[in-house]
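Working through the structure, step by step
Here are the chains, one letter per residue:
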Amino acid sequence: MYNAKIAEDFSILMIGSIERPVPSDLHIQKEMFVLTQTIPDLREIFNFKKHYQGPFSQILRDIIDSPIYVDRAFERRGRSILLSKNGKKEFNNIVKRNIKEEDFNILNINIKLIRNIYDRLNRFELLFLVYDTYPKYIEMSDVYNSIIKNKKLVNEIIVNLIRKGSITEDRFMEIKKRYNL
Amino acid sequence: MTDLLADSSFYICFLDNIKSPENLIKILEKFSSSFPPVIFSEVKKSKRSKEIFENKKLNINIFEGEIHISEVLRPFFSIEQKERGEHELIVLAFICYNMKMKFELVIDDKQARNFIKRNLIYLSKNLKDTINFLCDCYSVYGIFKKEEVLDIFNLIENSNYGVKKEIMFEAKKKMRCN
């Protein structure tokens, strides 16, 4: 139960860290996955597994759909996810409780950075980069196979990424070489 | 105290390229220098690194903790770039910015600089390359006299530290005008 509370608090922090809603379920899943790579203690709590769309946490999905501790903490607006009034109140409570802890502040800032950078990616870009960076999660992924078979799509994805400045030129060349583009 | 977040090429310039650790120490005495893990291990490879890491007068912070900052921007940089560590420095700079700390971000790598300008534009204000940071060591921080900076520039030009002629030309011009 203690882990469930931590998971819910982190979900509220992730979604509430910036004013803008999280663009989609895919984004919250992958952004939280990156956070668990950044904070290894969270890996056991969220328990990301290999899934047809890459790393997936059922715990996170359940929290977004039916939070336990904060009634209706999250709202949906089309595909995007945001904090409800209750969720915002709890976000403020969490921050207030931990404001004096430097580690918490650094953690919160890292969450903001993840949101700032990863929110800008579209679904294909996000999936592709996660697959390419964490190849362990390619297994069981039909989506990965369908992306990779389509060289035109992969090329489009990485050209968009370099145009946006989301990846460096060296990263672009590295991917081109890896996929024989 | 202002935080100095510099990439490994900045430190290695002084320690190895121009073999001038004493000038590096003069700079570091004015700052609190933060080293993310990859940059720390890169700089430590230098035989002269002890002159800074074992110098008790310097305020050196090695970023160690439960947060693996190298993971945050991992998908966006190549393997070689991640081995140099600029992606970690960018995370530290973002932390300093959000904690409203004064900091200088010294990065020479053009691609890392472009990444900042395209994604985290507000960090650009604090972003400099080694050469322009040295200009500020004279004009802003009063660490060096003008002639001392120009001497360091000459040492750099005659070393195998790669700096574009245009950057050096503009910096020397700036120094002469100040």
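Residues numbered from 1 in each chain as written. Chains lettered and ligands numbered in written order. Predicted model: local features only at pLDDT ≥ 70, side-chain atom pairs only at ≥ 80, totals over all residues. Heavy atoms only, no water.

**A word on the overall build of chain B**
For chain B, the helix and strand inventory stands at 10 helices and 5 strands. Here chain B has a C-alpha radius of gyration of 15 Å; the compact-globule value for 178 residues is 16 Å, and the two agree. Dimensions of chain B, computed from C-alpha atoms along their principal axes, come out at roughly 45 × 35 × 30 Å. Within chain B, the fraction of its 178 residues that count as buried is 55%. Sequence separation of 24 or more characterises 64% of the internal contacts of chain B that already satisfy a separation of 6 or more. Counting every atom, chain B has about 8,500 Å² of accessible surface; 49% of that belongs to carbon and sulfur. (Helix = DSSP H or I, 4+ residues; strand = E, 2+ residues; numbered from the N terminus. Rg over C-alpha atoms; globule rule 2.2 N^0.38 Å. Buried < 20%, exposed > 50% of the residue type's maximum accessible area, 1.4 Å probe, protein only. Contact = heavy atoms within 4.5 Å. Areas by Shrake-Rupley, 256 points an atom, 1.4 Å probe, with all protein chains shown as cover.)

**Topic: the confidence of the model for chain B**
Summarising the model, chain B shows a mean pLDDT of 94, and 100% of its residues fall at 70 or more. Put simply, helix α10 (residues 165-177) of chain B is where chain B has its lowest mean pLDDT, 85, and strand β4 (residues 103-106) of chain B is where it has its highest, 98. (pLDDT = per-residue confidence, 0-100.)

**Description of the nonpolar core**
In globular proteins that are soluble, nonpolar side chains generally tend to be buried together. Counting 121 residues, the largest nonpolar core has Leu35 of chain A together with Phe10, Tyr11, Ile27, Ile52, Phe76 and Phe153 of chain B as its most contacted members. At 9 residues, helix α6 (residues 102-118) of chain A tops the list of elements feeding residues into this core. With residues near it in sequence (within four places) discarded, isoleucine 27 of chain B still touches Phe10, Phe14, Phe133, Leu134, Cys137, Ile143 and Phe144 of chain B. (Core = buried A, V, L, I, M, F, W, Y, C linked by side-chain atoms within 4.5 Å.)

**Side note on a negative patch on the surface**
Taken together, Asp41, Glu44, Glu101, Glu102 and Asp103 of chain A together with Glu66 of chain B make up a surface patch of like negative charges. Of all the secondary-structure elements, those providing two or more residues to the negative patch are α3 (41-46) and α6 of chain A. Mapping glutamate 44 of chain A onto the fold places it in helix α3. On the accessibility criterion, glutamate 44 of chain A (66% relative accessible area) is exposed. (Patch = residues over 30% accessible without salt bridge, like charges linked within 9 Å, V, L, I, M, F, W, Y side chains within 5 Å. Salt bridge = Lys/Arg side-chain N within 4 Å of Asp/Glu carboxyl O. Lys, Arg positive; Asp, Glu negative; His and termini not counted. Charge placed at Lys NZ, Arg CZ, Asp CG, Glu CD.)

**Structural notes on helix α6 (residues 86-98) of chain B**
Residue and element names in this part refer to chain B. Taking 1.5 Å as the rise per residue, α6 with 13 residues should run 18 Å; its terminal C-alpha atoms sit 18 Å apart, in good agreement. All buried positions along α6 are accounted for by Glu86, His87, Glu88, Leu89, Ile90, Val91, Leu92, Ala93, Phe94, Ile95 and Cys96. Positive phi shows up at lysine 100, right after α6, with a value of about 55°. (Expected span 1.5 Å × (residues − 1).)

**Comments concerning unusual backbone geometry**
Most peptide bonds adopt trans geometry, and most residues besides glycine take a negative phi value. Residue and element names in this part refer to chain A. In this structure, arginine 72 takes a positive phi of about 45° despite not being glycine. By secondary structure assignment, the location of arginine 72 is in the loop between α4 (58-65) and β1 (74-77). Of the residues examined, arginine 72 reaches a relative accessible area of 63% and is grouped as exposed.

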